[in-house]
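Here is how the chains run, residue by residue.
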Amino acid sequence: MTDCIIHSAPEPVFAEPWHAQVFAVTVALNEVGRFAWPDWAVRFSDTLKRHGLNRDLDGGDDYFHAWLETLEDLLADQGEAAPEDVTRLQSAWENAYLTTPHGQPVRISPT
Amino acid sequence: MPHDDHDHPHALLPPEPALRVKALETILTRKGLIDPAALDEIIDTYQNKIGPKNGARVVAKAWADPEFKQALLQDATAVVADLGYYGRQGEHMVVVENTPEQHNMVVCTLCSCYPWPLLGIPPGWYKSDAYRARAVREPRKVLSEFGVSLPKDTSVRVWDSTAEIRYLVLPMRPGRTEGLSEDELAVLVTRDSMIGTGLPRVRS
């Protein structure tokens, strides 16, 4: 068994932890049947097109920004995550990071 | 830069999009739509278990076994599923064979459709506007930028992946590889050679 294949590019699969998280959330939702992948591709493609109108997307960070926006819009349209709830929880997380002593686990209070 | 000059009195604040993702996760977890443990498993799978070496094994087997190759070209989805390579973004896979007459190259002009079970997550350049736009318009120029120059009489065919059909290129078996095992052959198969933007390694 030869297991030491050297890939042609040593780049990491995900450059940032949040890229991996948003990818995983999307795949998990697809797996439990919240949307069909072709529908996702159409929405995602529209977002990429919109983002790419004024500049060339490099396929890195900007790609996952488009991915996140697509997911937010999809969940808002489905009524699963209203934009105001997302904003509220985003602030809750930000506040938790800013008030949790360094080294402690960061949590938000359940509401 | 914030946070550089003092000794973090609080936890390091993640970037804004990371907080938006955390917000979504919180909402979906509370609704029972996703399970944080399942997310970790998905990330682990794509970071560590699925990658181009899956595709390389398929290509090596096709080089070594003519019957397998025939079956692969006829119905790749079923054949690779038999090897255990199936799942998301691999619902319908088509393998296109390079020959001295025709070189194949894959792009997704729509977004970034790609045969995940065989190649993992696409590299950044595959997702870039530059590649997506130019692969169709000027494939030979793009190939030359990847260091691939083809004989003049080899035509280039570009396949546009969609959410329904994902393509994998079966590169030509390099010379001086007679008698190699499938494992030894697999080492020669690069990710780019299965996208069509590269050629297999040549044995030193």
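Residues numbered from 1 in each chain as written. Chains lettered and ligands numbered in written order. Predicted model: local features only at pLDDT ≥ 70, side-chain atom pairs only at ≥ 80, totals over all residues. Heavy atoms only, no water.

(A) Examining the overall build of chain A more closely. On a plain count of helices and strands, chain A comes out with four helices and zero strands. Across chain A, helices and strands are ordered from the amino to the carboxyl terminus as α-α-α-α. Taking all 111 residues of chain A together, 43% fall into the buried category. The long-range share in chain A, meaning contacts at least 24 apart out of those at least 6 apart in sequence, stands at 45%. (Helix = DSSP H or I, 4+ residues; strand = E, 2+ residues; numbered from the N terminus. Buried < 20%, exposed > 50% of the residue type's maximum accessible area, 1.4 Å probe, protein only. Contact = heavy atoms within 4.5 Å.)

(B) Spotlight on the side chain of Arg166(B). Residues and elements named next belong to chain B. Secondary-structure assignment places Arg166 in strand S4 (residues 166–170). Residue Arg166 is classed as buried on the basis of its relative accessible area, which comes to 0%. Reaching out from Arg166, the side chain makes a polar contact with the backbone oxygen of Tyr114 at a distance of 3.0 Å. (Polar contact = N/O pair within 3.5 Å; in protein donor to acceptor, adjacent residues only side chain to side chain.)

(C) Just the interface of chain A and chain B, in detail. Taken together, the 64 residues of chain A in the interface contact 58 residues of chain B. The contact between chain A and chain B buries some 5500 Å² in all, and 66% of this surface belongs to carbon and sulfur atoms. Along the contact surface separating chain A from chain B lie two salt bridges. Measuring nitrogen to oxygen at the nearest pair gives 2.8 Å for the salt bridge that ties Arg20(B) to Glu72(A). Between chain A and chain B we count 10 residue pairs in polar contact (both at pLDDT 80 or more) in total. When residues of the side of chain A that touches chain B are traced back to their parent elements, those giving at least two are helix H1 (17–31), helix H2 (37–51), helix H3 (61–77) and helix H4 (83–99) of chain A. Broken down by element, the side of chain A that touches chain B gets its largest block of residues, 11 residues, from H1(A). For the side of chain A that touches chain B, the per-class residue count stands at 37 nonpolar, 15 polar and 12 charged. (Buried area = accessible area lost by both parts, 1.4 Å probe. Salt bridge = Lys/Arg side-chain N within 4 Å of Asp/Glu carboxyl O. Nonpolar A, V, L, I, M, F, W, Y, C, P; charged D, E, K, R; others polar.)

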